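Structural features, examined
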Amino acid sequence: MKVDSNTKAVAGVDRASGTPELKPIGAKGDRVTVEETRQVAQLAAAASRESNAGRAARLRSIEAAVRSGAYRPSPGRIADEILAAAEIDARLRALFNG
């Protein structure tokens, strides 16, 4: 790259009028808190515990049905779930590879 030694002074640039007023450290004004984040995290944790409790109860119910021989899964529903999972996998592979 060749540097040209013919330089010109910058013209037509005005100085900014004044500087913004700076607040001293510790002055009242904007504050940053993480309280909302903490509340959202607590709500998410509570929802997770509730869904896990419901899932655990459902699994216990299924386990009891399997042990007693009363559990009769639907072959069609199982096949549909397997095909849906395979379709999602294929779409993701196509998305990331293509």
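Use the structure listed above.
These numbers come from a predicted model, not from an experiment.

**Re the overall build of the protein**
Looking only at helices and strands, one finds two helices and zero strands in the protein. Accessible surface computed for the protein: about 10100 Å², of which carbon and sulfur atoms make up 56%.

**Focus on the pattern of salt bridges**
Pairing is possible between side chains that carry opposite charge, provided their charged atoms lie close to one another. As enumerated under the stated definition, the model contains three salt bridges in all. Here Glu35 makes a salt bridge to Arg38, at a shortest N to O gap of 2.8 Å. One end of the pair, Glu35, and the other, Arg38, are both in helix α1 (residues 35–68), three residues apart, so they sit about a helical turn from each other. For Glu35, a relative accessible area of 38% puts it in the partly exposed group. Close ionic contact of Glu63 with Arg67 constitutes a salt bridge, the shortest N to O distance being 2.8 Å. Residue Glu63 and its partner Arg67 are both found in helix α1; the two are separated by four residues, about one turn of the helix. Judged by relative accessible area, Arg67 falls into the exposed class, the value being 69%.

**Quick look at α1**
Counted at 1.5 Å a residue, the expected span for α1 with its 34 residues is 50 Å, and the 50 Å between its end C-alpha atoms agrees. Gly69, located one to two residues past α1, shows a positive phi value of around 85°.

**Things to note about helix α2 (residues 75–97)**
The terminal C-alpha atoms of α2 lie 33 Å apart, and with 23 residues this matches the ideal 33 Å at 1.5 Å per residue to within 8%. For α2, the buried fraction is low: zero of the 23 residues fall into the buried class.

**Some points on a nonpolar patch on the surface**
Side chains of Ile88, Leu92, Leu95 and Phe96 sit close together on the surface and give an oily, nonpolar patch of about 460 Å² of accessible area. Along the chain, the position of Leu95 falls in helix α2.

Scoring rules and cut-offs
- Residues numbered from 1 in each chain as written.
- Predicted model: local features only at pLDDT ≥ 70, side-chain atom pairs only at ≥ 80, totals over all residues.
- Heavy atoms only, no water.
- Helix = DSSP H or I, 4+ residues; strand = E, 2+ residues; numbered from the N terminus.
- Areas by Shrake-Rupley, 256 points an atom, 1.4 Å probe, with all protein chains shown as cover.
- Salt bridge = Lys/Arg side-chain N within 4 Å of Asp/Glu carboxyl O.
- Buried < 20%, exposed > 50% of the residue type's maximum accessible area, 1.4 Å probe, protein only.
- Expected span 1.5 Å × (residues − 1).
- Patch = residues over 30% accessible without salt bridge, like charges linked within 9 Å, V, L, I, M, F, W, Y side chains within 5 Å.

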